[in-house]
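Close look at the chain arrangement
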Amino acid sequence: MTNQQETTTETLYNKNFWYADWSFPIFVALLSAGIFAGTHMYYQYHIGAFNDVAIVAMLEAGLQGAGYGAAAAFGASFLFARILEGSLVGILDIGGSLQTGIGIGVPALLLGAGITAPLESFVLSLVTGGVLGIVIGYVIIGIRKFTVGQSNSTFGADIMMGAGNASGRFLGPLIVISAASASIPIGIGSIIGAAIFYAWKKPVAGGAILGAMLFGAFFPISLD
Amino acid sequence: MELVEIIIKSIIIGALVGFGVGAGAARMFHAPKVQGMGAFRTLGELNACAGDAASHFSFGLGFFFNAWASSVGAGAFTQDVDHRIIPNWAAAVLMRKGKRPEDTLHNPKKMAIAGAVIGVLVVTFLNSTASAIPESLQAIAIKVLVPAANLLINPVMPVIFWLAALDAGKRSGLWGTIFGGAAHLIMGNAVPGIVLGILIGKGVDDSGWSKVTKTLLTSVILLFVLSAFFRGFDIQIIRSFNLEAPNWLIDLHKLIGFEVK
């Protein structure tokens, strides 16, 4: 990269709204507002929580009267870990921090304390999520300034990005293996799909899924 | 009337979530200089589809059926809506005319707008379709994609991150091993611990035991202690070594409102 290009990238990252540090809390706020409102949907209509069945089940246990301790502790510890990690590596994990922390942990804390209003009102749920998101966004940018910004170290972010990229490559073969364990026709379908996609120089994962689905439609397996 | 209410709320939620996820995902490609938002696995999977619209679409589709089944059955979307469906479908939409990922997938503005549109459609659809999906497709999602994704998260990702830590130098390897092992014991997955181990190891490699790295190590240890406590790991460890858990510790757990059996 030449010097001029480097300066252009620097300015783009610092000044441009879409890349800047100061706009990050806004993006977190919008996403958090949506996720918290998703939990409102679950509270009100029993649909629309942004999390896996097992984690939503913890909140459900609380709603059924079994206590909010598990959901609150689980959500809060995830939120704390992901904020610290996210600010240092440059990627905030939205699953642990926002979906589990804001979407499950905070509602469980509120409900445990007897505060129901933010979950009963749609508008209030958006506001609550948004405010929490802004706070988290600023905490992350703050930690970044204090750590990554203060020293010349990137704290091994390149190594982690490399590992993250490498793990994506495993997905295609894993899908074929998993399909082959599900049933013979589905396995054959995923092998053919993967092979065709590979020959077309396309990612193997996509072909393996499509092949498995196509054969699964003709030779269905039961869920039991 | 309730359905209309659900649809209107879903449109708002979908737009907010999609916008945030799209912008965050595109920003990940500029990390660590720009603070991104998503997950390492989302980044890896987006890269695995290599900017090919059909692959991005089919990858999202598989998880869409899973999310659909899960929301019909339990009212839970699965985390895949934010981690996989919205980012991959947004990428697929942007890249349909064979455009380069650098101009589309890596551009936060384009991804935010595409994500918002996809978010509205996906969230509204999932929240308003109470009828079941074809069981054959549901079965494929649950019996093929979920095991594959679970294998990726454990043990494949921990191993890859662990090996990367070992290869990155003595300090990263050492701290990665210690915190990775501890994370698997306490949290059930080694990746967060290995990531923190690499952070500390590389931080010390680059700038020595400065105030920043010391603070970092202290907060990581604090994090492990707190999450061990809140998951009741302290009681479990005492009992696993055939010892009696002291009453004051059990009472302390009760006081926080998290009772251990």
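Residues numbered from 1 in each chain as written. Chains lettered and ligands numbered in written order. Predicted model: local features only at pLDDT ≥ 70, side-chain atom pairs only at ≥ 80, totals over all residues. Heavy atoms only, no water.

As annotated in an unreviewed UniProt entry, chain B carries the name DUF4311 domain-containing protein and comes from Lysinibacillus louembei.

Going by the annotation in an unreviewed UniProt entry, the name recorded for chain A is DUF4310 family protein, with Lysinibacillus louembei given as the source organism.

1. Comments concerning the overall build of chain B
The line we're drawing: Note on conventions: DSSP H or I runs of at least 4 residues are helices, E runs of at least 2 residues are strands, and numbering of each starts at the N terminus. Only protein chains enter the calculation, and the probe is 1.4 Å; a residue is then buried if its accessible area is under 20% of its type maximum, exposed if over 50%, and partly exposed in between. The contact definition used throughout considers only heavy atoms, calling two residues in contact when any of these lie within 4.5 Å. Under the convention used here, Asp and Glu are negative, Lys and Arg are positive, and both His and the chain ends fall outside the count. By convention, the point assigned to a charge is CZ for Arg, NZ for Lys, CD for Glu and CG for Asp.
What chain B contains, in helices and strands, is eleven helices and one strand. Along the first, second and third principal axes, the C-alpha set of chain B runs to 55 × 45 × 30 Å. Counting all 261 residues of chain B, 60% fall into the buried class. Contacts in chain B between residues at least 24 apart in sequence constitute 64% of all its contacts with a sequence separation of at least 6. Seen as two clouds, the 21 positive and the 16 negative side-chain charges of chain B have centres 8 Å apart.

2. A closer look at helix H2 (residues 24–45) of chain A
Residues and elements named next belong to chain A. Going by this rule: In this scheme, a helix's expected span is set at 1.5 Å multiplied by one less than its residue total.
Taking 1.5 Å of rise per residue, 22 residues should cover 32 Å, and H2 covers 31 Å from first to last C-alpha, within 8% of that figure. Within H2, 18 of the 22 residues are buried, leaving the element largely enclosed by the surrounding structure. Two residues or fewer after H2 comes His46, characterised by a positive phi angle close to 65°.

3. Examining the pattern of salt bridges
The cut-off we apply is this: Put simply, a salt bridge is a Lys or Arg side-chain nitrogen that is within 4 Å of an Asp or Glu carboxyl oxygen.
Across all of its chains, the model carries eight salt bridges over all chains by this definition. Close ionic contact of Asp93(A) with Arg82(A) constitutes a salt bridge, the shortest N to O distance being 3.9 Å. Highlighted residues: Asp93(A) in strand S1 (residues 91–93) and Arg82(A) in helix H4 (residues 69–89), separated in sequence by eleven residues. One salt bridge in this structure joins Asp205(B) and Lys202(B), with 3.7 Å as the shortest N-O distance. Highlighted residues: Asp205(B) and Lys202(B), both in helix H8 (residues 191–207), separated by three residues, approximately one helical turn.

4. So, helix H2 (residues 40–48) of chain B
All names here are of chain B. H2 sits mainly inside the fold: seven of its nine residues count as buried. Every buried residue belonging to H2 is among Phe40, Arg41, Thr42, Leu43, Gly44, Glu45 and Leu46, and all of these are buried. Within two residues after H2, Ala50 carries a phi angle of roughly 50°, on the positive side.

5. Description of the nonpolar core
For clarity, the cut-off: Put simply, a nonpolar core is a bunch of buried Ala, Val, Leu, Ile, Met, Phe, Trp, Tyr and Cys residues held in one set by side-chain atoms that sit within 4.5 Å of each other.
Residues Leu98(A), Ile175(A), Met37(B), Val81(B) and Phe161(B) are the most contacted members of the largest nonpolar core, which totals 144 residues. Here this core takes 15 residues from helix H6 (residues 135–167) of chain B, the largest share from any one element. Dropping the residues within four chain positions of it, Phe161(B) is found in contact with Met160(A), Ala163(A), Gly164(A), Ser167(A), Phe40(B), Val191(B), Ile194(B), Val195(B) and Ile198(B). Grouped together as the second largest cluster of nonpolar side chains are five residues, Ile235(B), Ile238(B), Ala245(B) and Leu249(B) included.

6. A look at the interface of chain A and chain B
As a reminder, the rule being used: Buried area is a sum: the accessible area each of two parts loses on coming together, probed at 1.4 Å, counted once for each and added. Polar contact is the term for a pair of N or O atoms within 3.5 Å; when the atoms are in protein, one must be able to donate a hydrogen and the other to accept it, and sequence-neighboring residues count only if both atoms are side-chain atoms. Amino acids are sorted into nonpolar (Ala, Val, Leu, Ile, Met, Phe, Trp, Tyr, Cys and Pro), charged (Asp, Glu, Lys and Arg) and polar (every other residue, Gly among them).
Between chain A and chain B, the contact holds 102 residues from the first and 101 residues from the second. Between chain A and chain B, roughly 8,700 Å² of surface is buried when both sides are summed, and carbon and sulfur atoms account for 74% of that area. Between the two partners, chain A and chain B, sit zero salt bridges. Inspection of the chain A/chain B interface yields 24 residue pairs in polar contact (both at pLDDT 80 or more). By residue number, the principal contributor to the side of chain A that touches chain B is H4(A), which donates 15 residues. Looking at the side of chain A that touches chain B residue by residue, the classes come out as 64 nonpolar, 29 polar and nine charged.

7. Regarding the UniProt feature "transmembrane region" (unreviewed entry) in chain B
All names here are of chain B. Inclusion rule: UniProt positions are given in the numbering used here, feature names are shortened, and annotations may be inferred rather than shown by experiment.
Here, the residues flagged by UniProt with the feature "transmembrane region" (unreviewed entry) are residues 6–26, 112–133, 145–166, 178–200 and 212–230. Between the C-alpha atoms that bound residues 178–200 the distance is 12 Å, and the span itself is 87% helix and 0% strand. Here residues 212–230 is 100% helix and 0% strand, with 27 Å between the C-alpha atoms at its ends.

8. Regarding the environment of Ala165(B)
All names here are of chain B. Tracing the backbone through its elements, the reader meets Ala165 in helix H6. For Ala165, a relative accessible area of 0% corresponds to the buried category. Discounting residues that sit within four places of it in the chain, Ala165 has contacts with Ser172, Gly173, Ile194 and Ile198.

9. Here we look at unusual backbone geometry
All names here are of chain B. Of note in the backbone geometry, Ala50 takes a positive phi value of approximately 50° without being a glycine. The backbone of Thr78 sits at a positive phi, close to 70°, despite the residue not being glycine. By secondary structure assignment, the location of Thr78 is in the loop between helix H3 (53–74) and helix H4 (80–94). Relative accessible area serves as the criterion here: at 5%, Thr78 is assigned to the buried category.

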